[in-house]
Amino acid sequence: MNNETRELFNAYVDEIAKLNGVPDASKKFTVSPTIEQKLEKRVQESSGFLMNVNSYPVDELSGEKIGISVGTTIASRTDTTQSDRIPNDPQALDSNLYECKKTDFDTAIRYQTIDTWAKFKDFQTKLRDAIVEQQGRDRLMIGLNGTSAAANTNRALNPLLQDVNIGWLKKLQLESAARYMDQGAAAGSVKVGPGGDYENMDLLIYDMRSNLLAPWFARDNSFIAMCTSDLLDEKYFPLIATHGTTPTESNELDKMLSAKKLGGLAVAEVPFFPARTVFISRLGKNGGSNLSIYWQNGSRRRTIFDNAKRDRIENYESVNEAYVIEDLSAACAAVNIKLPNGAGGWA
């Protein structure tokens, strides 16, 4: 790190210490509540998908979910001349608990990189955003791929952070297995294509909506089908191949491709999403999503360390967090989907 960069970096560390009300940011400190809220907001805004996931602060390490899971009907009538009206608890019988796990978001930035950034007036913003954006990407990976919360994680064996925390799909499998389809007529896979369990992707999505979601959500078109492009291609590639070169039909095809749907639901192609998987639930801003990330108030700790032995700046940061499906009856998934391989088999 050259001398000019050193001055800028020292000013950056001093500013962080000042904002958090601590004398030295190179010593482990608790992030102030105001800064904690701002950091969480920036992490959420770093990803288009995370902006459609609830971000809720909670006081306890574990407890009851914030959202209300409406797991039954509530309409009724009682002849009060004969008996009292009895209110019905609308909360689902599924698991209604969350448990936050400590997650380390530790980042190292080489001196060479910082020297390059120091040439720009927004040096501090670039350094902050590099850390925030990676936290956002990591949360997205965990939420979609997490299957366990290991005491010692292994990035080499779990490149999508599968062992950092239990994500939404795994939560659905563990807490509401009836809404998690992992096989069709034969064990091990759900075959989609002529002669398979479903003739096409539209029929699969339609069946999931009809039979895996609670009845009152079955025809709710505000839900989103999350998947990867390979499953979308199964529907749209034949259409492109057949009609893509016909001018009049090509125009209509362009309109269709700009508003892709499966089984009547809008589709979200999500980064880091598991292959051959469909996940149906509600997404939305301002508390309108069925998917949430809880983070414990006052649990964010931070240390900024200048490691000359490795020619880099190290940012050690941790927070207690949980990945939550608010209403398990408003979510369903199909995994292990296989498509025709063109040789009479499935892949």
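Look up: the structure comes first, before these words.
Since this is a predicted model, take the numbers as computed values, not measurements.

Analysis parameters
Residues numbered from 1 in each chain as written. Predicted model: local features only at pLDDT ≥ 70, side-chain atom pairs only at ≥ 80, totals over all residues. Heavy atoms only, no water. Buried < 20%, exposed > 50% of the residue type's maximum accessible area, 1.4 Å probe, protein only. Helix = DSSP H or I, 4+ residues; strand = E, 2+ residues; numbered from the N terminus. Arc of directions from axis to C-beta. Contact = heavy atoms within 4.5 Å. Pairing = 2+ DSSP bridges. Axes fitted to C-alpha atoms, helices over the stretch in contact; angles between N-to-C directions. 1 Å grid on protein atoms, 1.4 Å probe; cavity = no way out; pocket = protein on both sides within 12 Å on 5 of 7 lines; lining within 4 Å. Points joined across faces, edges and corners; volume = space filled by probe spheres on them. Nonpolar A, V, L, I, M, F, W, Y, C, P; charged D, E, K, R; others polar.

Next up on the list: helix α5 (residues 168-175). Within the span of α5, buried status applies to Trp 168, Leu 169, Lys 171 and Leu 172. Buried residues of α5, viewed axially, fall in a sector of 160 degrees; they line one side. Along its buried surface, α5 packs onto α4 (123-145), β7 (180-181), β12 (278-281), β13 (291-296), β15 (312-325) and β16 (332-334).

On to unusual backbone geometry, then. The residue Leu 161 is not glycine, and still its phi comes out positive at about 60 degrees. One can find Leu 161 in the loop between α4 and α5. A positive phi angle, near 55 degrees, is found at Arg 276, a position not held by glycine.

This part is about the sheet that holds β12. With mixed pairing, the six strands of this open sheet are ordered in space as β7-β16-β12-β9-β11-β10. Here the strands that pair on one side only, and so sit at the sheet edges, are β7 and β10 (261-262). Strand direction decides the pairing type here: strand β9 (residues 224-227) and strand β11 (residues 265-269), joined by four bridges, are parallel. Across the sheet, Ala 225 pairs through a bridge with Val 267, a residue of β11. Sheet strands touched by helix α6 (residues 201-211): β7, β10, β11, β12 and β16. Its angle to β12, the strand with the most contacts, is close to 45 degrees.

Let us now look at empty space enclosed by the protein. Under the defined criterion, the tally for this structure stands at two cavities of 30 Å³ or more. A volume near 60 Å³ is recorded for the largest cavity. Secondary-structure elements contributing two or more residues to the lining of the largest cavity are α2 (33-45) and β2 (54-58). Among the elements that make up the lining of the largest cavity, the one with the highest residue count is α2 (three residues). Taken together, the residues that form the lining of the largest cavity break down as four nonpolar, three polar and two charged. Lining the second largest cavity, in full, are Phe 9, Tyr 12, Thr 107, Ile 109, Leu 127, Ile 131, Arg 302, Ile 304, Ile 313, Glu 314 and Asn 315. Taken together, the elements giving at least two residues each to the lining of the second largest cavity come down to α1 (3-20), β6 (107-110), α4, β14 (301-307) and β15. Looking at the lining of the second largest cavity element by element, the count peaks at three residues for β15. Partitioning the lining of the second largest cavity into residue classes produces seven nonpolar, two polar and two charged.

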